[in-house]
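# Observations on the three-dimensional arrangement
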Amino acid sequence: MEQKSNEMEMAMVNLAKPEINDQTDEYKVYTRRYIMASFFAFSTICSSMMFSTCNPIASVLAAVYDIPTFIVSLAANGFLLMHPLLTFVQTFIVNQTDISISLKIGCALTLFGAFIRTATVITERFYTVILGSLVAGMGRPFIINIQANVAKEWFRPEDKTTVMIAFSFIITCSSVFGVIIPGQIFKGYQYETDPDDGKILTGKLMVIELEIFSAILIPAILFFRPSPPTPPGAINKSRDEFTYLQSLKMTAKNKNFILLFICYSLLMGGFHALAVVISYLFNPFGFTPSQTSFIQSSPIICGFVSSVMYSILIRKFHLNHKKIVLFNLIPVLVSLGLSYFALMTESLPLVLLCYSVLGFFVIPCIPLQLELACKVLHPINQTIAVGFLLAGVHIWSFFFGEILSLITHDQNKTQAFYGCLLLFLSFLAAAICFSKVKLPKEDEEEEATQVNQSTQEGI
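This text gives an overview of the structure that appears in the document. (Residues numbered from 1 in each chain as written. Predicted model: local features only at pLDDT ≥ 70, side-chain atom pairs only at ≥ 80, totals over all residues. Heavy atoms only, no water.)

### Quick word on the overall build of the chain
Tallying secondary structure elements over the chain gives 21 helices and zero strands in all. Restricting to contacts in the chain with at least 6 residues of sequence separation, those with at least 24 account for 84%. By element, 66% of the accessible surface of the chain is carried by carbon and sulfur atoms, the whole surface being about 19900 Å². (Helix = DSSP H or I, 4+ residues; strand = E, 2+ residues; numbered from the N terminus. Contact = heavy atoms within 4.5 Å. Areas by Shrake-Rupley, 256 points an atom, 1.4 Å probe, with all protein chains shown as cover.)

Quick look at the structure:
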């Protein structure tokens, strides 16, 4: 019995070792990893749709409910504000339990928020939409903060960057579904001729989205599995090495992470704020809600193409993540700088070109910055790195979105100019901060990536 006990102890010690050993079954790839990734991806789509529902029709809703435009923007901005408020709770729960608990909490809150929004059918008041968005926003960090954990705990180390790019694309671009549906329901609607039909269409929109969310989120709540007992690669066990407070202190003292935090907040916060006020910027130039929805979807489509392209290039040529981000920020700044002048021409193709270039180059920066943040905070749990960066994005999105809403509330060309200028300055400040980031042991990390790639090819 003692010999058996010793053998069991040795087996537990071997399982705790971080090195990969080809002679053991220490690391295992599970077929169901794609199912788990799908649950995460579709849950993210539902959360993003909650954020973007009112954005393309904001000016119409302001007229229908006879409320200021910044009140309409509270549905999206309030949704974003919930993320930083709940991030500490979410990271603590993951640090103490498992990512499956986090995802299920997030799905339940999203579903409940969508249900609250349908009350607008009865009340015919916009406050129910805002309240539902706030509740759904509370669930957002429980879903999107675990993207790095899902990638690392279910997929091979050499596949992590590709999976992160896919997840980040889905998180950023899934809001396109929330843009398309309102655009289609309100297509052809004119408040001047049919003022009462606006509330009916709004109620219809909320009910349709609740039906979609129920079909997706209920299976995710029921069937999303905990982390695998023998993951396909070494897993960071910082929850066993550091207390939660120790991890927070180490994060606060990491200067490179702080710079990444500021950069990511300004860059992606500006991108989200643009989505909130895009109808206010476009209305003075005669663009219809359906045209606005079409233009808003163009960065998503171009971002999909570039995400696929960059994932292939990074995997094949082991490209330096920091250099890619710095290169991409140049055309991003150029496209933003020219966006107002494109609007002045009132030419749909020119405006479409500017925003397509913006999406093509900015969206691949998202996963690369998240992965860099995980590296500079190693060995702290990656949920903290991702959670804090996304919290910063939502804080800046809220305040910046409200500032832009107030500046552009009269929806004239002068206000549109100042809105475009502030967006450009936010992205420029992000580029300056990122250029000052110094990544530790970059050469060693690149060599390790090449070793992993060579090992995979050898197998």
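### A word on a nonpolar patch on the surface
Taken together, F417, Y418, L421, L425, L428 and I432 make up a surface patch of nonpolar side chains, about 500 Å² in accessible area. Structurally, F417 is set in helix α20 (residues 413–435). (Patch = residues over 30% accessible without salt bridge, like charges linked within 9 Å, V, L, I, M, F, W, Y side chains within 5 Å. Salt bridge = Lys/Arg side-chain N within 4 Å of Asp/Glu carboxyl O.)

### As for unusual backbone geometry
Its identity is not glycine, yet D66 carries a phi of approximately 55°, on the positive side. In this structure, D66 sits in the loop between α3 (58–65) and α4 (69–96). Phi at E124 takes a positive value of approximately 55°, unusual for a residue other than glycine. Relative to the assigned elements, E124 resides in the loop between α6 (120–123) and α7 (127–144).

### Topic: the packing of aromatic side chains
Scanning the entire structure with this criterion turns up 14 aromatic pairs. Among the aromatic residues, those joined into a cluster by ring pairs are F285, Y340, F341, F417 and Y418. (Phe/Tyr/Trp six-rings, centres within 6.5 Å; stacked < 30°, edge-to-face > 60°.)

### Digging into the nonpolar core
A general tendency of soluble globular proteins is for nonpolar side chains to be buried together. By size, the foremost hydrophobic cluster in this structure holds 131 residues, and its most contacted members are F126, F186, F282, L358 and F427. Among the elements that line this core, the one with the most residues is helix α14 (residues 255–282), at 17 residues. Leave out the neighbours within four places in its chain, and F126 touches C54, L61, Y65, I67, I71, V72 and A75. (Core = buried A, V, L, I, M, F, W, Y, C linked by side-chain atoms within 4.5 Å. Buried < 20%, exposed > 50% of the residue type's maximum accessible area, 1.4 Å probe, protein only.)

### Quick look at helix α18 (residues 365–377)
Given a rise of 1.5 Å per residue, 13 residues ought to cover 18 Å, and the 18 Å separating the end C-alpha atoms of α18 matches this to within 8%. Taken as a whole, α18 has its buried residues at C365, I366, P367, L368, Q369, L370, E371, L372, A373, C374, V376 and L377. (Expected span 1.5 Å × (residues − 1).)

### A closer look at the side chain of T292
Residue position: T292 is located in helix α15 (residues 289–317). Once you skip the residues sitting within four places of it in the chain, T292 turns out to touch I278, S279, F282 and F287.

### A word on the pattern of salt bridges
Under the definition given, this model contains two salt bridges. Among the ionic pairs, R117 bridges to E209, the shortest N-O distance being 2.4 Å. Here R117, found in helix α5 (residues 99–117), pairs with E209, found in helix α11 (residues 197–223); they are 92 residues apart in sequence, far enough to count as distant. Taking the shortest distance from any N to any O, the salt bridge between E346 and K413 comes out at 3.6 Å. You can see E346 sitting in the loop between α16 (321–345) and α17 (348–362) and its partner K413 sitting in helix α20, a full 67 residues away along the chain. Its relative accessible area of 44% is what places E346 among the partly exposed residues.

### As for the environment of S73
Mapped onto the elements of the fold, S73 is located in helix α4. With a relative accessible area of 3%, S73 lands in the buried category. Here the alpha-carbon distance between S73 and C54, two residues 19 residues apart in the chain, equals 7.8 Å. Sequence-distant contacts of S73, defined by excluding residues within four places in its chain, comprise G78, V276, Y280, E402 and S405.

### Details of α5
Its 19 residues place the ends of α5 27 Å apart at the C-alpha level, agreeing with the 27 Å of an ideal helix rising 1.5 Å per residue. Listed in full, the buried residues belonging to α5 are I99, S100, S102, L103, G106, C107, T110, L111, G113, A114, I116 and R117. For α5, the elements touching its buried residues are α2 (33–52), α4, α6, α7, α8 (147–154) and α11.

### Details of the packing of α16 against α20
The interhelical angle for the contact between α16 and α20, taken along N-to-C directions, is 170°, at an axis separation of 10 Å. Considering their axes alone, α16 and α20 lie roughly antiparallel with respect to each other. Note on element contacts: α20 touches α16 through K413, A416, F417, C420, L423, F424, F427, L428, A431, F434 and S435, opposite K322, V325, L326, L329, V332, L333, L336, G337, S339, Y340 and L343. For the contact of α16 with α20, the residue count by class is 17 nonpolar, three polar and two charged. (Axes fitted to C-alpha atoms, helices over the stretch in contact; angles between N-to-C directions. Parallel < 35°, antiparallel > 145°, perpendicular 65-115°, else oblique. Nonpolar A, V, L, I, M, F, W, Y, C, P; charged D, E, K, R; others polar.)

### Focus on the environment of A385
Within the secondary structure, A385 sits in helix α19 (residues 382–407). Every residue in contact with A385, bar those within four places of it in the chain, is listed here: F257, A373, C374 and L377.

### Here we look at the packing of α4 against α14
Taken N-terminus to C-terminus, the directions of α4 and α14 make an angle of 160°; their axes are 11 Å apart at the nearest point. Regarding the angle of α4 to α14, the classification is roughly antiparallel. Judged by the twist between their axes, the crossing of α4 over α14 is right-handed. Touching T69, V72, S73, A76, N77 and L80 of α4 are H272, V276 and Y280, all from α14. By residue class, the composition of the contact of α4 with α14 is five nonpolar, four polar and no charged. (Left-handed = near helix turned anticlockwise from the far one by under 90°.)

### Structural notes on the environment of M36
Mapped onto the secondary structure, M36 falls in helix α2. What makes M36 buried here is its relative accessible area of 3%. In this structure, the C-alpha to C-alpha distance between M36 and R225, residues 189 residues apart in sequence, is 7.1 Å. When neighbours within four sequence positions are excluded, M36 is seen to be in contact with W154, F223, F224 and R225.

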